[in-house]
Amino acid sequence: MSTTADLERRLRGASLRVTVPRLAVLAAVDAHPHADTDSVIGAVRAELPAVSHQAVYDVLRALTAAGLLRRIQPSGSVARYEARVGDNHHHVVCRSCGSIADVDCAVGEAPCLTTSADRGFVIDEAEVTYWGLCRDCAAVPATV
């Protein structure tokens, strides 16, 4: 978990002013990886009860644009935010409960980073999402 000084450094390093709402949102996402917007709002409001929904949305947008947060949206899910940026990691999503976890880049040859036909695009990133069942959901006996 990052300290307030760490969060302030990250904001300044991205040429953003340090404000109380920005610190609160960054701390909330840092503490709750893959949180959806409502969860971020709840965590921020625990610290700043008067903050508006719109203020949190605006801060999430600004922090994502500045590269301090990453917005992901697995198929069938609402947008989620994480503070782990700047590395090549992917996600695994539970088909049953929707939980999300980070997974580091594939071992060996990276999957699908070179397309069979780039269609004229200059490709600089590939997003890989693994799907399955989390440990808790896999342990539940299937019902027929």
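Residues numbered from 1 in each chain as written. Predicted model: local features only at pLDDT ≥ 70, side-chain atom pairs only at ≥ 80, totals over all residues. Heavy atoms only, no water.

(A) Quick peek at the pairing of strand β5 (residues 100-104). By the bridge criterion, five bridges tie strand β4 (residues 89-94) to β5 in an arrangement that is antiparallel. Bridge pairing in β5 links V92 to A101. Hairpin connection of β4 to β5: five residues between the antiparallel strands, including G98 at a positive phi of 85 degrees. (Pairing = 2+ DSSP bridges. Helix = DSSP H or I, 4+ residues; strand = E, 2+ residues; numbered from the N terminus.)

(B) How the structure looks around the packing of helix α2 (residues 20-31) against helix α4 (residues 53-65). Put simply, α2 and α4 touch, their axes get as near as 10 Å, and they point 75 degrees apart. By the angle between their axes, α2 is roughly perpendicular relative to α4. Taking contact as the criterion, the partners of P21, R22, V25, L26 and V29 in α2 are, on α4, V56, V59, L60 and L63. Looking at side-chain class alone, the contact of α2 with α4 contains eight nonpolar, no polar and one charged residues. (Axes fitted to C-alpha atoms, helices over the stretch in contact; angles between N-to-C directions. Parallel < 35°, antiparallel > 145°, perpendicular 65-115°, else oblique. Contact = heavy atoms within 4.5 Å. Nonpolar A, V, L, I, M, F, W, Y, C, P; charged D, E, K, R; others polar.)

(C) Representation of the side chain of H89 in the model. As for its placement among the helices and strands, H89 is situated in strand β4. The class of H89 is buried, set by a relative accessible area of 2%. A polar atom in the side chain of H89 sits 2.7 Å from the side chain of D87. At 3.4 Å, the side chain of H89 forms a polar contact with the side chain of H91. Excluding its chain neighbours within four sequence positions, the residues that come into contact with H89 are R70, E82, R84, D102, V103, D104 and C105. (Buried < 20%, exposed > 50% of the residue type's maximum accessible area, 1.4 Å probe, protein only. Polar contact = N/O pair within 3.5 Å; in protein donor to acceptor, adjacent residues only side chain to side chain.)

(D) Region of the structure containing the sheet that holds strand β2 (residues 70-72). Taken in spatial order, the three strands line up as β1-β3-β2 in an open sheet, and their pairing is antiparallel. Of all the strands in the sheet, just β1 (35-36) and β2 have a single pairing partner and so form its edges. In terms of strand pairing, β1 meets strand β3 (residues 80-82) through two bridges, oriented antiparallel. Its bridge partner lying in β3, A35 is registered against Y81.

(E) Quick look at the sheet that holds β5. Ordered by their spatial adjacency, three strands build an open sheet running β5-β4-β6, and the pairing between neighbours is mixed. A single partner strand is all that each edge strand has here, and the edge strands are β5 and β6 (129-132). Geometrically, the sheet is characterised by an average inter-axis angle of 30 degrees between neighbouring strands, direction not taken into account.

(F) Geometry of the pattern of salt bridges. Following the criterion strictly, the structure yields eight salt bridges and no others. For the salt bridge of D30 with R10, the shortest nitrogen-to-oxygen distance reads 3.8 Å. In this pair, D30 is assigned in helix α2 and R10 in helix α1 (residues 4-13), connecting sequence segments 20 residues apart. Of the residues examined, R10 reaches a relative accessible area of 23% and is grouped as partly exposed. The salt bridge partner of R84 is D87, with a shortest N-O separation of 2.6 Å. Residue classification places R84 among the partly exposed residues on the basis of a relative accessible area of 30%. Look at D87 and you get partly exposed, because its relative accessible area is 35%. (Salt bridge = Lys/Arg side-chain N within 4 Å of Asp/Glu carboxyl O.)

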